[in-house]
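# Per-entry structural report
Read off the chains here:
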Amino acid sequence: MSPLARAPWFARLLLAELAAFAVWAFLVNRVVIQWPDSRGKSLTIAALCVVLGLLAAASARRARRSRLLHVWCALLVLFGVGELRRIGLRHAYGAATTEASLWRPVTTWQLAVRRFS
């Protein structure tokens, strides 16, 4: 039996739900966001949330008989590696900024062209 299968049910559920959220956010950010605004887009976002959440809960519950929990772990590791790569690329291109505020939005009047050398 794998260490994941021996973990408490809540820990398995949390791991699977975190991975499901990462997949949901990735799909919405990369694919669904490009669609024109419509009722179908909203339904797709909600359906993805429900389906991925139920799949994660089912895989956490059946961890003793299923290897799907290992897939969720692999997805989290891959997303983590991708984020580390993104951070490295931003640093290499000099795109890091400390001027951006999380609480004050930037308007189009405040945008400026930046040249990278």
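For the structure itself, consult the block above.
Since we're looking at a predicted model, the values are computed, not measured.

In this section: the overall build of the chain. When helices and strands are tallied, the chain shows 4 helices and 0 strands. Ordering the α and β elements of the chain from the N terminus gives α-α-α-α. Here the chain, with 117 residues, has 17% of them falling under the buried criterion. In the chain, the share of contacts with a sequence separation of at least 24, taken over all contacts with a separation of at least 6, comes to 61%. Of the accessible surface of the chain, which amounts to about 9600 Å², a share of 66% is contributed by carbon and sulfur atoms.

What follows is about the nonpolar core. Listed in full, the 10 residues of the largest apolar core are Leu 13, Ala 16, Ala 19, Ala 20, Val 23, Leu 52, Ala 56, Ala 60, Leu 69 and Trp 72. Secondary-structure elements contributing two or more residues to this core are helix H2 (9-30), helix H3 (39-61) and helix H4 (68-93). In terms of residues, this core owes the most to one element, H2, which gives 5 residues.

This part covers the packing of H2 against H3. In contact at an axis separation of 8 Å, H2 and H3 are set at 155° when each is read in the N-to-C sense. In terms of axis orientation, H2 runs roughly antiparallel to H3. For the pair H2 and H3, the crossing hand works out as right-handed. Judged by residue contacts, Trp 9, Arg 12, Leu 13, Ala 16, Glu 17, Ala 20, Val 23, Trp 24, Leu 27 and Val 28 of H2 engage Ile 45, Leu 48, Cys 49, Leu 52, Gly 53, Ala 56, Ala 57, Ser 59, Ala 60 and Arg 61 from H3. A class-by-class count of the residues in the contact of H2 with H3 yields 15 nonpolar, 2 polar and 3 charged.

For the structure shown, the criterion picks out 2 salt bridges. The residue Asp 37 makes a salt bridge to Lys 41 at a minimum N-O spacing of 3.0 Å. The shortest N-O distance in the salt bridge between Arg 86 and Glu 83 comes to 3.0 Å. Separated by 3 residues within a single helix, Arg 86 and Glu 83 lie in helix H4, roughly one turn from each other. Overall, Glu 83 belongs to the partly exposed group, its relative accessible area being 40%.

Checked against the element boundaries, Ser 59 lands in helix H3. Leave out the neighbours within four places in its chain, and Ser 59 touches Ala 16, Leu 68, Leu 69 and Trp 72.

Moving on, we come to the environment of Ala 56. Relative to the elements of secondary structure, Ala 56 occurs in helix H3. Residues Ala 56 and Leu 18 lie 38 residues apart in sequence; the distance between their C-alpha atoms is 8.8 Å. When residues no more than four places from it in sequence are discounted, the contact partners of Ala 56 are Ala 16, Glu 17, Ala 20 and Trp 72.

The rules behind the values
- Residues numbered from 1 in each chain as written.
- Predicted model: local features only at pLDDT ≥ 70, side-chain atom pairs only at ≥ 80, totals over all residues.
- Heavy atoms only, no water.
- Helix = DSSP H or I, 4+ residues; strand = E, 2+ residues; numbered from the N terminus.
- Buried < 20%, exposed > 50% of the residue type's maximum accessible area, 1.4 Å probe, protein only.
- Contact = heavy atoms within 4.5 Å.
- Areas by Shrake-Rupley, 256 points an atom, 1.4 Å probe, with all protein chains shown as cover.
- Core = buried A, V, L, I, M, F, W, Y, C linked by side-chain atoms within 4.5 Å.
- Axes fitted to C-alpha atoms, helices over the stretch in contact; angles between N-to-C directions.
- Parallel < 35°, antiparallel > 145°, perpendicular 65-115°, else oblique.
- Left-handed = near helix turned anticlockwise from the far one by under 90°.
- Nonpolar A, V, L, I, M, F, W, Y, C, P; charged D, E, K, R; others polar.
- Salt bridge = Lys/Arg side-chain N within 4 Å of Asp/Glu carboxyl O.

Nothing here speaks to function; it is geometry throughout.
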